[in-house]
Structure formats: C-alpha cells, structure tokens
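# Overview (structure and organization)
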Amino acid sequence: MNPIIILHAGLATGTILLFAAIGEVFAERAGILNLGVEGMMLMGAMAGFSTSLSTGSPMLGLLVAILAGGILSLAHGLVTIHFQADQVVSGLSLTFLGTGLALVLGQGLTGQNPPLVPSFDIPGLALIPFIGPVFFANHSLLVYVGYLFAPLTWYYIYKTRPGMHLRAVGEKPEAADTMGLNVYALRYFYVFVGGCLAGLAGATISLSVSPGWFSELTTSGQGWIAVGLVIFAQWDPLRAAFGGYLFGALRRTILDLQGPATLFGLTNPLYINPNFSFFLQMAPFILTIAALVWGSRAAIRERLGAPAALGVPYIRGERGL
Amino acid sequence: MRAKTFSKLSWLLALILVLILAACGGNATEEPAAEEPAVEAPAAEEPAAEEPAAEEASTQEGSYQIPAIEEGKYNVAFVYVGPHDDGGWTQAHDVGRQYVEANVENVHTAYVETVAEGADAEQVIRSLARKGFDVIFTTSFGYMDASEIVADEFPDVDIIHISGFKSNEANFGNLFGAMEDMKYLAGMLAGSRAKTDGNPKLGYIATFPIPEELRLGNAFSLGVQQTCPDCTIDVRWIFTWHDPIVEKEAAASLFDGGAQVVMTGADTPAPAEAAPDGKWGITYDYSGNCKIDACLTSMYWNWGPVYSRIIEESRDGTWVGGWEYFDADAGAMGLYGFMDGETMQPGAASLPAEDLQLIQDTLASMLAGEFTRFDVFKGPITDNQGNVVLEDGVSLEQLDLDGFSQFGSECKTCMYWWNQNITAELPSLE
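Residues numbered from 1 in each chain as written. Chains lettered and ligands numbered in written order. Predicted model: local features only at pLDDT ≥ 70, side-chain atom pairs only at ≥ 80, totals over all residues. Heavy atoms only, no water.

### Examining the pattern of salt bridges
- For the structure on display, the rule yields 24 salt bridges over all chains.
- In this structure, the salt-bridge partner of aspartate 256 of chain B is arginine 252 of chain A, at a minimum N-O distance of 2.6 Å. Of this pair, aspartate 256 of chain B sits in helix H8 (residues 244–256) while arginine 252 of chain A is found in helix H11 (residues 237–256), placing the two residues in two different chains.
- Using a relative accessible area of 36% as the deciding quantity, one classes aspartate 256 of chain B as partly exposed.
- Arginine 252 of chain A gets classed as buried once you look at its relative accessible area, which sits at 7%.
- Between arginine 97 of chain B and aspartate 94 of chain B there is a salt bridge whose closest N-O contact spans 2.8 Å. Linking arginine 97 of chain B with aspartate 94 of chain B, this pair stays in helix H3 (residues 89–103), spanning three residues, or about one helical turn. This pair shows no difference in class: arginine 97 of chain B is buried, exactly as aspartate 94 of chain B is.
- If you follow the salt bridges from partner to partner, you end up with Arg252 and Asp256 of chain A together with Asp256 of chain B in one network. (Salt bridge = Lys/Arg side-chain N within 4 Å of Asp/Glu carboxyl O. Helix = DSSP H or I, 4+ residues; strand = E, 2+ residues; numbered from the N terminus. Buried < 20%, exposed > 50% of the residue type's maximum accessible area, 1.4 Å probe, protein only.)

Rendered as structure tokens:
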C-alpha cells in the first residue's frame, strides 16, 4: 500500500478515461449524446495495436486509432444529425457495431508484441519529492499529453470563440443558427472529435497502459464509465480528468488493499476476506448507473449545467425548446 | 416533455447497461476451426462428389457458432472458456486438439471458444451433442454441472470434463492432472531465484477460492520452502480465469509490494510481462508462453497424448466415465526449460547448481512415478496460523487434496489452509 505507486498507476489508467470522457464532453456539449464510446474505444485499441504491429510505428498506430474512432463516430453523426434518429438507440448500436468490427478485424492479434508508446521521466521535475515519482517519472508519453490536454480543452470550451460556438450549438441551436453558425456541420465535427478521442483512449490501453489485444476484455466496460463520468464532471473537461484519475487509482487500490493485514490500526476487511473486493470492483459501474439515472432528471440536469439541447435533434425551422 | 422522454430513455439505458455488464465476458465468439489441418491433405484423392454431402452447415446457438460434424469420421468437440490463442490454459487445450487431429486417424475435431460458464455452456454442450459429436471435452471448472446434465440426456455421447469433481460410471468422465507436482518444482525454482537475488518475497496470483487454487498455491509454497526457508509469499485474488488486464494489474501490485518472483494461477503470460527489470514471472498452462527473459519457467499441460488415448478408447467402446487424475509420469505436463529438448530460461540457468540439481532430481523421480502429489503434500506441514496440518511422514489423501468441508466434501484434512510461509488470510467461503 504505497501511495506513490497507487497514484502513479491511477494516473496511467486514468488517462484512458480522461481521453474518452473529454471526447464525450465535446460531443455532448454540441448536443449529441454518443453512447458508443465503448465500441469506438475497442476499434481504436484494435486499429492502433494492429498498425503499430504492421508498421513498427506506435505513433502511426495512435494516428490510425484516432481516425478509426473518428470514422466510426461519423456513423452515429449521420444517423442522429442527418436523419435525426434517437441518439440513445443509435449510440447503443454503435457500441455493438464497434465491438463486433473490432473483434472480427482483431483476430490473430492476441499474443503479439508491437512497439509501444515510449515511457520516460521528465528531466528535473522527476526529482521533486513525492510529486516527481507520482506525476513525472516513468509515465507514458500519453499521460503527459493528458496533463496538458485537459486544461487546454477547458480553455478552448470556456474561453475561446469556437468554444462558445460549441456551447451555443448544444444549448440553443436555433439561436446559434440565427447567428450564422452551421449547426449541422459543427455537430458533425464535435461528434467526430469525440470519436477521435475515444479511439485515442482505446489505443492508450492497447499501446501503453495495458499493452496487448485481448478482444472485448481490452476495454472491459471503461467506455461506459467514461459516459457516466461526463455527468459527474458536469460536462467540464478538468473535472472529467480528475474523475478519470480517481477511478484509475481506485482500480489499483482494490488489488493493493488485499496486501496489508491492518489499515490505520484496524483489521483490513479485504485482507480477511478478499471477496469484498467484488464490491469495490463494482463501484465505478454502480456510480455510473447512479449518475445516469440521477443525471436524467430535468431539474437536476439544469442544476448540473447539462447542455439544454442535449439529446434533441435540431431541425431547422421547427420551434426550439 | 422532451426532458421526460429523456428521463425514460435514461432509465432504459441504465437497465441495458446493467444487462450488458452482467453478460460481460461471455458475449463474443469468433468463427471456430475454419481451417482444415494440413494432415488431411491426402484426403483430396477421395472422389470429389462426396465432398458436399460430407459436411453439414454449422449453426448458431445464441451468440455461439456451433460447428458441424463430418460424416464418416469420429467427431470430437472441445468447449473453451477463453479464446483458442489466449497464450495459456485454452491454448494448451487447443495444442492438444491439434495433436489429436494430426495423430489420431479418421477423426474430426472442432471447438467453440469463449463460452461463458453456466447456462450458456449448457446450451453449447447440448447443441454439440445434438449435432452428433461423439466425444466432447469441456475444459473449464464451471462447465461441470452443464456437462453432467447433458451427459444424462445423451447417453451415447462421451463427455469429459476437465478440472472438476463430478462424473458417472458410464459416459461422463472427470479428467485432471496433478499440476501441484510442477507447481512444487516451480516453487523450488522461484525460491532459489529469490534467495539468490537477496529479496525473499514472492507473489501468487490466485483466481477463485476453490480447492484447486489453494492446493496449487500450497504446492508452490512447499517448493519455495525447500530452496528458501526464509521466503514469504503474498497473494492477490482476481476472481477471474481469463482477464489479461486484471491479471497484469495484480502482478504489478505484487511486484510493487516487493515480490521478487510472481507465479500465476490464471491463464495468461501476464506475470512475466509485468515484471520490472531484475524481477521475474512464472507463467502457466502453455509451454509456448515463456519466451521473454523475465520468464523463469512455465508449468504447462501437454494434453495431446491423453486426449488421443481417450478418443481411441471411446471409439473402441472401452472408455468408461469416472474419475481420472494423473501425475507427472503420465507425460501430460511439464516444467518449461527442464524437459527433454528444452533450454533453460536465463533466469533459471544462472541459479546455484545444487538447487538446479535438486529440481532436476525431483523432476526425474516424478517422471519415473516415484514422486507423486502425495509426496508433495507430506508432513511435516504447518499452516500460517501455527497449526500442524500433517505430522512428519503423513501424506494427505486424495479427498483432502481436492476438498473443502464447506463444499460438502468428506475430506479429513481439507485443503482449507495456507502453508506457513504464505502471508495472507484464507478467503472466506461464505
């Protein structure tokens, strides 16, 4: 039970959720709920792994993973933006489509060892006591990218003009349309961005955090956690990043908790009975379900700051909300 | 209005999410056994007209593809809990299947992979029996009850279940081997490695609190005790046979907790892959999964010869169900690097000569049938609570090796104990 190790592992696994959840923040901020994150992540994981294996370049693998997730998300865009179909149903179908495609295309990848995204220390910063070994030592390049990415997206969404356009499209699309924004194009674009980030999250698993291709166990439900995380995070990328790291650390803590006989002078229940770890393993999923149910009530959604037009197809000329 | 619709949809979504999560792990199947084995190439001389009639179409059972039989051949099916190329338990069975295909005449083999234990397994096994397979090997502990039910329904089909404890005296057999023999040797190796490296801590990734996992963990720790009396062993329970990511995290957790060597009871090469520089992992099940230098050895299964014998006997009508448990002398298991024609991994080859000699001598007497599981579990043995499990010179009996009194076994000294050098509590069985 070394806090440095748990936090270090939490930042690594949390980076997966960070990319996926921020991607979903973009899509939902534009008014499109995309429940296909799990499927897009699996496609990204498979495509990135496969590309790195055949070309020897993990960076090219990341690029292909991003494109794979993005292209898959366009299917959701077409159905929900163009044909104005139900976003929940389309998103769920996207999960099954992505999972099925990834499993078929990923045949034969198990047990292969492609080159991975490099890990390294940040010179200087790694030497700071506690902070250094947790945040700046022996992390994958993607973890460091995540540190910069979360604040940058926050700044983009809240402080820049394109960010304001994004929010306008998700809050009051008819007003945005009146302003001269192309609502359809912007929604397509941010659904695509969300898909790209889900693909990147998938490749973060297969090429960095837990290298390998293990069919549907590669993501093992993390896409769903990312979807729930967005509600917890109140559609804020910084909170999404924090939540991702928290869930990441929890994942590792569950295993480490089986080690010590006592905690803070008390008998450790997980040491006496490891079966309890089932409940901790369930925790992220229970919280996800709770968040989805809780976050679906209109009054609470308003208080949480959900984009007002989230889940509502925009049809030009029809009355708004 | 819209918010209300959204609310309803969200409830629906939550429900679907629960269902998906509940079904997690068993919802994917890939097309099995499409390729024809090369051995069958001479069959091309047969008249081509027979070809279309020879093969019936495969069918769908839930999300599983049920393969077809080939008329005129002896048809053997395998049910796998993981993917056929998992690099561990299931791949070892698939290597056995390929051995059967290559070495037994006029036999057709097929498999269904990633079959969830429980109700799904029963459907798949029943479909295979209905299809007309003559022998079905069900290769996971959780297939036991399903195998028993289907064996009762189809008395003409021989069903062999691996790793359980139920059987009948007709067409339902139970087959397993004393992997504790190899785990004991691996323990000697791991103890020697930890002692040589000057870090007397080891780790064991355990799957489920069942007798098999405690037996194998105890066998490993008894082996460790032979070469490193000061060594201790930490345990992580992962409650899964096949989840490479969880297994890797458990290995990382043990290594970070100070372990020098980590051994696994689950199905993937994770411990060797997770081993940091200068530390070691021991893989399980499949001889081909101990490739990287951080891997000390692998305790592996060699199912081919046993499967071939059972299939031949079944075809001759001489096979009867019942309980079969083989030791190392049956030739169906090995310790990678120490068997004929294998080269030791670097981490093993650099160990003190007297320890290697001890391992090789013990292995030789195991293969000669002079050292069995009853010698592995021979007193004096003390558990980690300070109780004497076995007095000097007394051995456990078969029921003790595979029984918990909590599960209704009539064992006397049941397997519900941890050897003295294991620093973990027993898992609760409630």
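### Focus: the pairing of strand E3 (residues 74–79) of chain B
Residues and elements named next belong to chain B.
- Within E3, six of the six residues are buried, which leaves it mostly tucked inside the rest of the structure.
- A two-sided burial pattern is seen for E3, the buried positions comprising Tyr74, Val76 and Phe78 on one face and Asn75, Ala77 and Val79 on the other.
- Where E3 and strand E4 (residues 107–112) come together, six bridges link them in parallel fashion. Considered in E4, the bridge of valine 76 is made with threonine 109.
- One crossover worth recording links E3 to the parallel E4 by way of H3, and it is right-handed.
- Where E3 and strand E5 (residues 135–138) come together, four bridges link them in parallel fashion. Across the sheet, valine 79 pairs through a bridge with threonine 138, a residue of E5. (Pairing = 2+ DSSP bridges. Right-handed = clockwise from strand over helix to strand, strands pointing away.)

### Quick notes on the nonpolar core
- One finds Ile136, Phe137, Trp301, Trp303 and Phe377 of chain B to be the most contacted residues of the largest nonpolar core, which totals 114 residues.
- For this core, the element with the most residues is helix H6 (residues 179–197) of chain B, which contributes nine residues.
- Apart from residues no more than four positions distant in its own chain, tryptophan 301 of chain B is found in contact with Trp89, Ala92, Phe176, Gly177, Met179, Tyr284, Asp285, Phe326, Ala332 and Met333 of chain B.
- Core analysis: the next-biggest nonpolar cluster, separate from the first, contains 78 residues, Leu186, Ala201, Leu207 and Val230 of chain A among them. (Core = buried A, V, L, I, M, F, W, Y, C linked by side-chain atoms within 4.5 Å. Contact = heavy atoms within 4.5 Å.)

### Quick word on unusual backbone geometry
- Residue proline 380 of chain B follows glycine 379 of chain B across a cis peptide bond; omega there is 5°.
- Inspection of the secondary structure puts proline 380 of chain B in the loop between helix H13 (373–376) and strand E15 (381–382).
- Phi at serine 215 of chain A takes a positive value of approximately 45°, unusual for a residue other than glycine.
- Mapped onto the elements of the fold, serine 215 of chain A is located in the loop between helix H9 (183–209) and helix H10 (222–232).
- With phi around 50°, threonine 114 of chain B is a residue other than glycine that occupies positive phi space.

### Digging into helix H5 (residues 144–153) of chain B
Residue and element names in this part refer to chain B.
- Taken as a whole, H5 has its buried residues at Met144, Ala146, Ser147, Val150 and Ala151. In a view along the axis of H5, the buried residues occupy a sector of 160°, so they form one face of it.
- Where the residues of H5 are buried, they touch helix H4 (119–131), E5, strand E6 (158–162) and strand E7 (172–177). (Arc of directions from axis to C-beta.)

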